[in-house]
Amino acid sequence: MKEEINFEDAMEKLEKIADELESEDLSLDESVKKFEDGMELSKKCNEILQNAEKKITVLINGEEKDFSVDNE
Amino acid sequence: MDIKPITVEELNKYIKNKIDGDEFLNNVYVKGEISNFKLHYTGHMYFTLKDEKSLIKCIMFKSYAGYLNFTPKDGMKVCVLGSVSVFERDGVYQIYVKAMKEDGIGSLYEKYEKLKSKLEEEGLFNKEHKKKIPMFPETIGVLTSSTGAVIRDIINVGTRRNPNVHIRLIPVPVQGPGAEKDIIRGIKEFNEKKLADVIILGRGGGSLEDLWPFNEESLAYAIYESEIPIISAVGHETDFTIADFVADLRAPTPSAAAELAVPNIEDVKYTISTYENRYKTSLKRKIQLMNLRYEKCMARRVFKEPMQKINEKYILIDNLVKKLNSNINNVLNKAKLKLSQNATKIDALSPMKIIARGYTISEINGKIIKTAHEINVGDTIELKYIDGNVKANVMEKTKNENK
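S.K.: Outline the nonpolar core, supporting the account with residue identities and numerical values.
M.R.: One finds Leu143 and Ile223 of chain B to be the most contacted residues of the largest nonpolar core, which totals 33 residues. In contact with leucine 143 of chain B, other than residues within four places in its own chain, are Ile170, Val172, Ile183, Gly186, Ile187, Phe190, Ile199, Ile200, Leu201 and Gly202 of chain B. In terms of nonpolar packing, the next biggest core, distinct from the first, is built from 24 residues, Ile56 and Phe67 of chain A together with Val198 and Ala261 of chain B among them.

S.K.: Please give an account of the interface of chain A and chain B that cites residues and values.
M.R.: Much of the literature gives interface size as the accessible area that the parts lose upon coming together. Between chain A and chain B, the residue contacts involve 42 residues of the former and 42 residues of the latter. When chain A packs against chain B, the two sides together hide about 3,700 Å² of surface, and 62% of this comes from carbon and sulfur. Among the residues of chain A in contact with chain B, Glu8, Leu49 and Leu59 of chain A are the three that bury the most area, contributing 17% of the side total. Put simply, chain A and chain B have 5 salt bridges between them.

S.K.: So what's going on with the environment of tyrosine 64 of chain B? Which residues, and what values?
M.R.: Residue and element names in this part refer to chain B. In this structure, tyrosine 64 sits in helix H3 (residues 62–65). For tyrosine 64, a relative accessible area of 33% puts it in the partly exposed group. Tyrosine 64 sits 19 residues away from methionine 45 along the chain, and the two C-alpha atoms are 9.6 Å apart. Those residues in contact with tyrosine 64, other than ones at most four positions away along the chain, are Val97 and Lys98.

S.K.: Please give an account of the pairing of strand E8 (residues 198–203) of chain B that cites residues and values.
M.R.: Residue and element names in this part refer to chain B. Summarising burial for E8: 6 of the 6 residues are buried, a large majority. Across the two faces of E8 the burial is the same, with Val198, Ile200 and Gly202 and Ile199, Leu201 and Arg203 all buried. By the bridge criterion, 4 bridges tie strand E6 (residues 139–144) to E8 in an arrangement that is parallel. If you follow valine 142 over to E8, its bridge partner there is isoleucine 200.

What counts, and where the lines are drawn
Residues numbered from 1 in each chain as written. Chains lettered and ligands numbered in written order. Predicted model: local features only at pLDDT ≥ 70, side-chain atom pairs only at ≥ 80, totals over all residues. Heavy atoms only, no water. Core = buried A, V, L, I, M, F, W, Y, C linked by side-chain atoms within 4.5 Å. Buried < 20%, exposed > 50% of the residue type's maximum accessible area, 1.4 Å probe, protein only. Contact = heavy atoms within 4.5 Å. Buried area = accessible area lost by both parts, 1.4 Å probe. Salt bridge = Lys/Arg side-chain N within 4 Å of Asp/Glu carboxyl O. Helix = DSSP H or I, 4+ residues; strand = E, 2+ residues; numbered from the N terminus. Pairing = 2+ DSSP bridges.

Here it is, written out as C-alpha cells:
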C-alpha cells in the first residue's frame, strides 16, 4: 500500500503538467502524452487518499495498541 | 535541693508542646537562601535557610518534595511554607516545609524571558530552520496526555477532515516537574523509528507554572533537532511557551493544530479534480485548434481546384515560349542582314574582282610574287588572268630607282 511517489511531489507535478498543457507551444503528440501522464498521476494521488487507513493508536513502551477516547 | 530535675527528653517534649501549640509557628511563610542542601536517598530534602544574620534548619518530606516544579540548590533564594517544630532527639527546632517556591513573584517569568532571549540569540527560533508541514501526512504523531480534551479534540478534528487519517499517540505527562523529559523521549521515539510525518505537541492552557515543562531548555533543543516537523499547540491563544517559539508551526489550540496537520480530504480531492479538468479542457482546446487549422488549410484554392495552379503555369509557359520565339527570330534576322552586308564587302575585296579590272597575279611555283626582287632572269612565272593562266619566261629585270 505504501506508494513510491511522494504526495507533495505528485501534486507539484500535477500543477506543472496543467501549466504545460495550457501553454500553446506543445505539439499535439506531446499534449496527448502529457495528458496521459497527468491523468495517471491524479489517479495515483486519489489512490493514496483512498488507501490510507483510519487508525487511532497509542504507543506505550514501544507497543502499539488501538486507542479510543471513550474508554478513559 | 528539693527541686526535682527533669530529663532532657521531658524538656524537649515540653518545648515541642509549647511550640506546636503556637498558632503562628504552625503556619509560617519564610524567605531565605538555601544552603547545605541535601537530597536524601529516601527522597526527603534537608537544608538550611539563612539570611545575613541568622539561619534555621529545614526538612521537606518526599511527599511534599514531589510537587516541586524546580530543583532546589544551594544559594537559591526561596520562600517556604511550613510549620516550626522540634526534633526531640537532637533538641533542634526546624521548619517542616510543605511547599516551596523560588523567591520573587517574577522569578519564573524572569527565567522564561531570560531563556527566551538566550535561545533566540542562538537561532532556535529562526524562520529559516522551520521545517515545512507536509501537505498530506499519512501519520500524525501526537504528544499529549492520553486523557483530557486535547487528544479528543485532535482526534475529532483530524478524523472529520480526513476519515482515513492515522493518528498515533505517545502519551506523556504535560505538567509537573520532569514532564519535559517524557516529552523529549517521545519526540526522539517518533524520530528514531520514523513513526510520524508530523508531530503535534499539545496541552490545554494553564498558569506559567503548569506550562513550565514547555519552557524547559532541553525540550527547546529536542524540538529544534527533531527531523519531523512539529506543530505546537500549548496553551490557548495568548500563552506562548518556549516550545511554541521553537516549533515549526504554532497553533493557537489543539483543534487548530489538527486542522493544520490534517488536510481536508475533500479539498485535496477537489484540487486533484480541478487538475483533471484543466487537462481535459486544454487537450480539447488543442484538438479544436488543430481542427480549425486543418479546415482553414483545406479551404485554400490549391486544395479546392488543384489544376488551377497548373493551368496558370501552362499559360505562363506558352507566353514565355512565344516571347522566346520572337526573340530568336529577331536575333536571326539581324544576323542575316549583317551577313549579307559583309558578303558584299568581301565580294568587293575579292582578288578575282581585281583581276577582272585588268590586274594580274604572278606566281612562281604557286607562290605569289609581290616584288621584282623575288624574280630572277630566266625564271618561269605564271600569270593569272580573269579568263585563264599564262606561263612566261623572264627575260629582263629592272629596278625602280627609289626602291
